[in-house]
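Structural features, examined
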There are 4 protein chains.
Amino acid sequence: MKENADLIKLIQLNFSKLSKSQKLIAEYIMANYDKAAFMTAAKLGEVVGVSESTVVRFANTLGYDGYRDLQNDLHELVKNKLTTVQRISLTNDYTNKENLSKRVFKKDIANISKTFDELDYDNFEKAVETILNGERVYVLGLRSSSFLAGYLGFYLNFILNNVKVVTAGPSDVFEQMLKVTSNDVVIGISYPRYSSRTLDALNYVKGKDCKVIGITDSILSPAAQISDITLIANSNMVSFVDSLVAPMSLINALIIAIGMEKREDITNYFEDLESIWKEYSVYNLNSKDKNN
Amino acid sequence: MKENADLIKLIQLNFSKLSKSQKLIAEYIMANYDKAAFMTAAKLGEVVGVSESTVVRFANTLGYDGYRDLQNDLHELVKNKLTTVQRISLTNDYTNKENLSKRVFKKDIANISKTFDELDYDNFEKAVETILNGERVYVLGLRSSSFLAGYLGFYLNFILNNVKVVTAGPSDVFEQMLKVTSNDVVIGISYPRYSSRTLDALNYVKGKDCKVIGITDSILSPAAQISDITLIANSNMVSFVDSLVAPMSLINALIIAIGMEKREDITNYFEDLESIWKEYSVYNLNSKDKNN
Amino acid sequence: MKENADLIKLIQLNFSKLSKSQKLIAEYIMANYDKAAFMTAAKLGEVVGVSESTVVRFANTLGYDGYRDLQNDLHELVKNKLTTVQRISLTNDYTNKENLSKRVFKKDIANISKTFDELDYDNFEKAVETILNGERVYVLGLRSSSFLAGYLGFYLNFILNNVKVVTAGPSDVFEQMLKVTSNDVVIGISYPRYSSRTLDALNYVKGKDCKVIGITDSILSPAAQISDITLIANSNMVSFVDSLVAPMSLINALIIAIGMEKREDITNYFEDLESIWKEYSVYNLNSKDKNN
Amino acid sequence: MKENADLIKLIQLNFSKLSKSQKLIAEYIMANYDKAAFMTAAKLGEVVGVSESTVVRFANTLGYDGYRDLQNDLHELVKNKLTTVQRISLTNDYTNKENLSKRVFKKDIANISKTFDELDYDNFEKAVETILNGERVYVLGLRSSSFLAGYLGFYLNFILNNVKVVTAGPSDVFEQMLKVTSNDVVIGISYPRYSSRTLDALNYVKGKDCKVIGITDSILSPAAQISDITLIANSNMVSFVDSLVAPMSLINALIIAIGMEKREDITNYFEDLESIWKEYSVYNLNSKDKNN
């Protein structure tokens, strides 16, 4: 009946005619729609500090037949269907820029903690082995995830000699992975609002029977459904930015775990590199050295 | 007298002949050299649970005249002079890969917390205004910092129409900033082991009187010394990886604060983009929508 | 009635049953379909050295009602609708690799000569002025044209301070040109098999009333139809490669003409650069200098 | 005695006091210093239409002891030691922009013809085989040569599954080739004013015993001296631009020759790609198709 895009607008349009208790519910939902989506009416009431029946009346005031209908729309929102415009609109409440900035840090800390607490270490270990055993390792990421793919590739390249970062460029992603075989591994990095091209490309290589490792935000994400091994790290959507801080932390852990298995090799490589870096002054030496 | 590179090797070579108490000191230093460097002998003893004189004897055993000499070498290490090979060697103690991975997450959380706690908000606010008032905004980052520069540029590009990411490419960084004027802003992202070329380029543009905003790890970093405004976010060196998680969190806060000031503009831009994204299926829609 | 893809296959399938004279026609068409497409039956006969009626019978043998029908299919081929697989198939005749390689050079020379002979210099001059007067200059090219766009941007960047190369990357091309205004210039480089995204993007910016300069292969190309000023340089399709040699020559002429108008500025810039290049040893000096 | 940089300035400073015949020599040298450098006084006189003794007096007027001294300075200029500022200064004579533009095309045509005429086909064939037999194929190019490297990689990537373009990026060129072995091939593209980093990197991989194929402008270029196989294509220096048209033509010939050897493989690849390109509307179809 109602477009899911309506829920945020609906609340905003009706805000003035809500009762004081209903306003508390409205504010909670706008700030925490991702949590509210998975609460019963009773639970939502408890968290906000109002009765279950107030929650139901709140749904009715917005034009829903019941709480379940409102919840359906909330689910839609959460399915990463929030457009960027809706997300900017949600931050209107945070009139204070300082608070908004602080919220970024807090959410980032919470996300890394959650990623760490919920990390399935056996799965993580399986990913490490799969990467070490791949004939070729492709690291795929588009849009903002392309920076994570580049970062992961930058470090894997020190350890392994068969790594290829796949991102937007003169050749499209299919052409870059045209020769994937069943002995290869594709690491796909996919975050809301999930790039279609990343998903298409993962489906394409899946058809070639290679191993797919997904780095994504939830076991329910479309990338997780394509992946053989899924590593979860939450992203953080504040306003129009998708913070990729927790995924970067996960990627660091992954790089170090892989590096640990190849410690001797990389020690040799880095010994070579140290002398190259020194010869070409790649890194800064402090003034004391310069005087030496 | 002794090359600073010696300290880590010195400890490792002499480890077997250390007393049990001295081994505790050795292990603590190898895992926490960055903290140990700033402790007195008394304090170091206290933390490790040994006497001050044990700490002094430990220094002597390694061939130092006293604790102060050992501390000098520690200071050198901390001045980001640890080569990558030394850093890999330091992780040898963490024989357990699981623990090492966990340490990454914990250090990342600690770094964001520290960045958040110590953020000079007035300074942050000044950076936001400076960026908004720049005729052109250059975002410079090389090596692993190039991913942060790209990420910051990716988002600033939605808000502002005068942003240029400067990173390694066909044109070198000087050529890319050849026309910087005193009305422009250069955001330089510089993390240990500080790329010399980034510092050279910041000095070059500084000579053209533009505003320099440094995003770096410490007020003592060489980039901070060139910058008009310095934003601090700690990096996290574990083994051969420099985690840039806290800087990314800081960058997110910066993007959102700038976006807040241009909220109306970006709402319009994103409305345009939403229709383009829809037309070209840039983002994934779930199966339910596809059936609609 | 017949799919245009059929013509090449049709000739190949029927080759053995063609008469000796008809084989001459077939061979000529496969090697020169782009010329043959614009010949009358009489002219084609003349070039090949057979009678007009032989040409007509050739068409009939392939199942066409007359030469005009065959010619229609030829026209379709020429409209850059030849798939890459068809083009590889066309080179099967050139069993001799050496001859094929030589053909590349010869076609490239012919293309530059043609580009030079047919250059509308007034139009070229108008393009130079438009670029010099643009508030911003965007240089758009995708796929193999992205190398030309990068090359043009590389040099324009020495002369002008408002040039932005637009190519596939983390941000899509629309986002990169989101803020184009009517004071800006977009140079679109578009070659067969014309990237759809380039054409979509040119149409998008056209809607914003900016000036569009097309660098393309023909006045009939889809890019020419969107452009305010069209600069023509032929491309060279041999097998699966689109040689962009003549467009590169045209781009060189364009860069130099723009540079001539800013000679004093660029002399200053290059004086700065020479000292930077020297300081950072960007270019090789021969051994004699090194001894000095 | 005299810095080679002086010759051009010397001529320009003394121009007014030259005799009419001497002016003819001066103009010829400034426009054709690359040819003049290899002429005897007699030959130069003949070409310009003056006597040999006029040429010698011309040298004396500029302060040289004899023609041989002047010629030495000419040789220095030709050794690609002309700075960009000198080259811009040389084009001052071409006051007519139209003529200058035309000169670009003419020189480009002459360069391709020369490249074609002087191509050592056996050598070319050897390069093709070496590339086909390499375990990995690295394509290295920096600065303006990076566009040629990207272009060559773009096409080789369709044919081979072991190609890596090496150019400036987050990782430096040494890191990108850290794992080169004696089974690998490195194609180095190096044009005046020869990037030092390209030469350093070629020397670095040479030390790892891989095969080096140089694409460069002369058998005397520093890249040629490092290469096992050298492919020559002239570049074209007009003003501040190095036209890479002839090298691009050579690269096209190389791609096609390699493709010919793998014709069956690439036909299969392109059949796959055609269906992907169609599904994702990568290429433009004309309006007629759209109506179908």
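Residues numbered from 1 in each chain as written. Chains lettered and ligands numbered in written order. Predicted model: local features only at pLDDT ≥ 70, side-chain atom pairs only at ≥ 80, totals over all residues.

If you check an unreviewed UniProt entry, chain A appears there as Transcriptional regulator, RpiR family from Sporanaerobacter acetigenes DSM 13106.

1. Description of the relation of the copies chain B and chain A
Once chain B is rotated about the relating axis by 180° and shifted along it by 0.1 Å, it coincides with chain A to within an RMSD of 0.2 Å. One copy is carried onto the other by what is essentially a two-fold rotation axis. When you check the interface residues of chain B against chain A, 100% turn up at the interface there too, and the contact is symmetric in its surfaces. (Least-squares fit on C-alpha atoms with pLDDT ≥ 70 in both. Contact = placed C-beta atoms within 7 Å.)

2. Digging into the relation of the copies chain A and chain D
Expressed as a screw transformation, the operator carrying chain A onto chain D has a rotation angle of 180° and an axial translation of 0.1 Å, and the superposed copies differ by an RMSD of 0.2 Å. Interface overlap between copies is the fraction of interface residues in one copy that are interface residues in the other; for chain A against chain D it reaches 100%, indicating a shared surface.

3. Quick notes on the domain arrangement of chain A
All names here are of chain A. Domain annotation for chain A reports domain 1 (6-93) and domain 2 (110-262). One C-alpha centre belongs to domain 1, the other to domain 2; they are set 34 Å apart. Across the boundary between the two partners, domain 1 contributes five residues, which contact seven residues of domain 2. The element best represented in the side of domain 1 that touches domain 2 is helix H6 (residues 84-90), accounting for three residues. Along the lines of polarity and charge, the residues of the side of domain 1 that touches domain 2 split into one nonpolar, three polar and one charged. (Domains from an automatic or database assignment. Helix = DSSP H or I, 4+ residues; strand = E, 2+ residues; numbered from the N terminus. Nonpolar A, V, L, I, M, F, W, Y, C, P; charged D, E, K, R; others polar.)

4. Focus on the interface of chain A and chain D
Contact residues are listed per partner, giving 16 residues for chain A and 16 residues for chain D. For the side of chain A that touches chain D, the secondary structure elements donating two or more residues are helix H9 (145-159), helix H10 (173-176) and helix H14 (263-279) of chain A. Looking at the side of chain A that touches chain D element by element, the count peaks at four residues for H14 of chain A.

5. Observations concerning the sheet that holds strand S2 (residues 163-166) of chain D
Residue and element names in this part refer to chain D. Here five strands make up an open sheet; going across it, the order is S2-S1-S3-S4-S5 and the pairing parallel. A strand with exactly one partner marks an edge of an open sheet, and here the two such strands are S2 and strand S5 (229-232). Taken over all neighbouring pairs, the strand axes of this sheet differ in orientation by 15° on average, direction set aside. Sheet topology note: the strand S4 (residues 211-216)/S5 ladder contains four bridges and is parallel. Its bridge partner lying in S5, Gly214 is registered against Thr230. (Pairing = 2+ DSSP bridges. Axes fitted to C-alpha atoms, helices over the stretch in contact; angles between N-to-C directions.)

6. Quick word on helix H3 (residues 41-48) of chain A
All buried positions along H3 of chain A are accounted for by Ala41, Leu44, Gly45 and Val48 of chain A. Angularly, the buried residues of H3 of chain A cover 100° about the axis, an arc narrow enough to put them on a single face. (Buried ≥ 20, exposed ≤ 12 C-beta atoms within 10 Å, placed from the backbone. Arc of directions from axis to C-beta.)

7. Here's the deal with the confidence of the model for chain A
Residue and element names in this part refer to chain A. On average, chain A scores 86 in pLDDT, and the residues at 70 or more come to 91%. A low-confidence stretch, residues 1-5 stays under pLDDT 50, and its non-local contacts, those more than four residues away or across chains, total six contacts. Residue range residues 286-292 is modelled with pLDDT below 50. Its contacts to residues more than four positions away, or to other chains, number two contacts. Predicted complex, confidence summary: ipTM 0.79, pTM 0.82. (pLDDT = per-residue confidence, 0-100.)

8. Thoughts on the interface of chain B and chain A
Every contact between the two is made by 57 residues of chain B and, on the other side, 57 residues of chain A. Of all the elements in the fold, those that place two or more residues in the side of chain B that touches chain A are helix H6 (84-90), helix H7 (97-118), helix H9 (145-159), helix H11 (196-206), strand S7 (241-243), helix H13 (245-261) and helix H14 (263-279) of chain B. Broken down by element, the side of chain B that touches chain A gets its largest block of residues, eleven residues, from H7 of chain B. When grouped by side-chain class, the residues that make up the side of chain B that touches chain A number 32 nonpolar, 17 polar and eight charged.

9. Side note on H13 of chain B
Here H13 of chain B is 17 residues long and its end C-alpha atoms lie 25 Å apart, about the 24 Å a rise of 1.5 Å per residue gives. Within H13 of chain B, 16 of the 17 residues are buried, which leaves the element mostly enclosed by the surrounding structure. (Expected span 1.5 Å × (residues − 1).)

10. Section: the sheet that holds strand S1 (residues 137-141) of chain B
Residue and element names in this part refer to chain B. One open sheet accounts for five strands, arranged S2-S1-S3-S4-S5; its pairing is parallel. Edge positions in the sheet fall to strand S2 (163-166) and strand S5 (229-232), since each of these pairs with one other strand and no more. Direction aside, neighbouring strands of the sheet carry axes that sit 15° apart on average. Pairing geometry for S1 and S2, over four bridges, is parallel. Across the sheet, residue Val137 finds its bridge partner in S2, namely Val163.

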